[in-house]
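As a plain string of letters, each chain reads:
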Amino acid sequence: MSPAPTPAATPGTPAQPPNSAAQAAAAGTAPAARPLQHIVAITSGKGGVGKTFASANLAAALARAGQRVLVLDADLGLANLDVVLNLYPKITLHDVFTGRHTLEDAILPAPGNFSVLLAGSGMVEYSRMTGEVREKLQSLVAEVAPRFDHVLLDTGAGISDVVLYTVSLAGEVLVVVTPEPTSLTDAYATIKVLAHTQGRRRVHLLVNQVRRPGEGRGVRNQLQQVVDRYVNPALDVPVRLELIGEVPVDPAVREAVQRRQLLLESMPGTAAALALVNAAAKMPG
Ligand SMILES: Nc1ncnc2c1ncn2[C@@H]1O[C@H](COP(=O)(O)OP(=O)(O)OP(=O)(O)O)[C@@H](O)[C@H]1O
Ligand SMILES: [Mg+2]
């Protein structure tokens, strides 16, 4: 098991774990009753690789297996989980942060039998993480986490301060990557930064948009090789990449997104849907 990650107050500045009693007390919340391993940040180096699509459909697969699941739209400034799920939320995380509404009001049921906490889109105030937003987001995650078997944080892409902070709130990380060279390079950069700034030693991978069976394993091995060569020599405990699954390029995905439906609900027999059900069974947490 990898050591508990260290959430970064700013990238490169390790802080206390968000479930430490001291920090929870300072934030005015009860310490998390469960370990953080069931909070999984779904992130990527390059944008548009399928994080939101995967978050929603993995959540549906886990819910179908009887798990209580919450997906939090952690792409605070450019949220679009609501679009994928065809929801028109009146209450968002922003309303909870400003105290206009309670957390209870903001947790909404989504198609697929899981819960969501949605964020607003186009809010420039979330393009950077102020100390206040950090604290509010952290205590919100600590408050909801004990109520669910899985909490998925659908983050933005890249290694910005905002993305790294939201990832730091999770016990486990799932990096979504496609076999494209640009996506691979950016995934490597993300993994390296997470190893150095958050002490991550285990990173889960979902390889999306593969063109042939087995390509996901190849992508994982290729990334592991680069990590072994350039990241691991400087570390006491090496970073290990764990493939949870590969999802083929499937026209049904675009169609489902276009229709604003969950693939698992509208086209459950498609190759991509079946691949996501398999991947969900290997989700950490
Ligand atoms: N397996 C797949 N097969 C075909 N198309 C796919 C597949 N996965 C994702 N896509 C396409 O990629 C688009 C982008 O996916 P999504 O919005 O989930 O990416 P994202 O990583 O969340 O993007 P962002 O970085 O902007 O948050 C989808 O709308 C869909 O059209
Ligand atoms: Mg997204």
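Refer to the structure above for everything that follows.
Just so it is clear, the structure is predicted and the values come from calculations on it, not from any experiment.

Honestly, unusual backbone geometry in this entry has me stumped. Any pointers?
Phi is mostly negative for residues that are not glycine, and the peptide bonds are mostly trans. Its identity is not glycine, yet Asn86 carries a phi of approximately 60°, on the positive side. Within the secondary structure, Asn86 is located in the loop between helix H3 (81-85) and helix H4 (93-97). Residue classification places Asn86 among the exposed positions, given that 12 C-beta atoms sit within 10 Å. The phi angle at Arg260 is positive, at roughly 60°, despite the residue not being glycine. When the 14 C-beta atoms within 10 Å are taken as the criterion, Arg260 is described as partly exposed.

Where do I start with the sheet that holds strand S10 (residues 240-248) in this structure?
Hydrogen bonds along the backbone pair up the strands of a sheet, which may run parallel or antiparallel. Read from one edge to the other, the open sheet built from eight strands follows the order S5-S6-S4-S7-S3-S8-S9-S10, with strand pairing classed as mixed. Edge strands, defined here as strands with exactly one partner in the open sheet, are strand S5 (107-110) and S10. Along the sheet, successive strands turn relative to each other by an average axial angle of 25°, direction set aside. Inspection of the sheet shows S5 paired to strand S6 (residues 114-117) by four bridges, in the antiparallel sense. Residue pairing in the sheet places Ile107 in a bridge with Leu117 of S6. In the packing of helix H8 (residues 181-198) onto the sheet, the strands contacted are strand S3 (39-44), strand S8 (172-177) and strand S9 (202-210), and the crossing angle to S8 comes to about 165°.

Just checking my understanding: could you explain the site of ligand 1 for this structure?
Around ligand 1, 20 residues are found, and the nearest of them are Gly47, Gly50, Lys51, Thr52 and Phe53. Looking at the shell around ligand 1, the elements with two or more residues in it are helix H2 (51-64), strand S7 (150-157), S9 and helix H10 (251-259). Here the shell around ligand 1 is composed, by residue class, of eight nonpolar, eight polar and four charged.

Got a minute to help me understand the packing of H8 against helix H9 (residues 215-230) in this structure?
Helix packing geometry: the angle between the two helix axes and the distance between the axes. Contact pair H8 / H9: the axes reach a minimum separation of 11 Å and the direction vectors enclose 50°. With respect to each other, H8 and H9 are oriented oblique. Here the hand of the crossing between H8 and H9 comes out right-handed. Note on element contacts: H9 touches H8 through Val219, Gln222, Leu223, Val226 and Val227, opposite Leu184, Ala187, Tyr188 and Ile191.

How should I be thinking about the nonpolar core in this particular structure?
For soluble globular proteins, nonpolar side chains are generally found buried alongside one another. Core analysis: the largest hydrophobic core is formed by 87 residues, its most contacted members being Leu58, Ala59, Val71, Leu153 and Leu276. The dominant element in this core, judged by the number of residues it contributes, is H2, at nine residues.

Is there a simple way to explain the pairing of S10 in this structure?
Each regular strand shows side chains that alternate between the opposite faces of the sheet. Direction of pairing for S9 relative to S10: parallel, over a ladder of eight bridges. In the sheet register, Asn208 faces S10, and the bridge partner there is Val247. This β-α-β element, S9 to H9 to S10, shows right-handed connectivity.

Definitions and cut-offs
Residues numbered from 1 in each chain as written. Chains lettered and ligands numbered in written order. Predicted model: local features only at pLDDT ≥ 70, side-chain atom pairs only at ≥ 80, totals over all residues. Helix = DSSP H or I, 4+ residues; strand = E, 2+ residues; numbered from the N terminus. Buried ≥ 20, exposed ≤ 12 C-beta atoms within 10 Å, placed from the backbone. Pairing = 2+ DSSP bridges. Axes fitted to C-alpha atoms, helices over the stretch in contact; angles between N-to-C directions. Contact = placed C-beta atoms within 7 Å. Near = placed C-beta within 6 Å. Nonpolar A, V, L, I, M, F, W, Y, C, P; charged D, E, K, R; others polar. Parallel < 35°, antiparallel > 145°, perpendicular 65-115°, else oblique. Left-handed = near helix turned anticlockwise from the far one by under 90°. Core = buried A, V, L, I, M, F, W, Y, C linked by C-beta atoms within 7 Å. Right-handed = clockwise from strand over helix to strand, strands pointing away.

The analysis is restricted to geometry; functional conclusions fall outside its scope.
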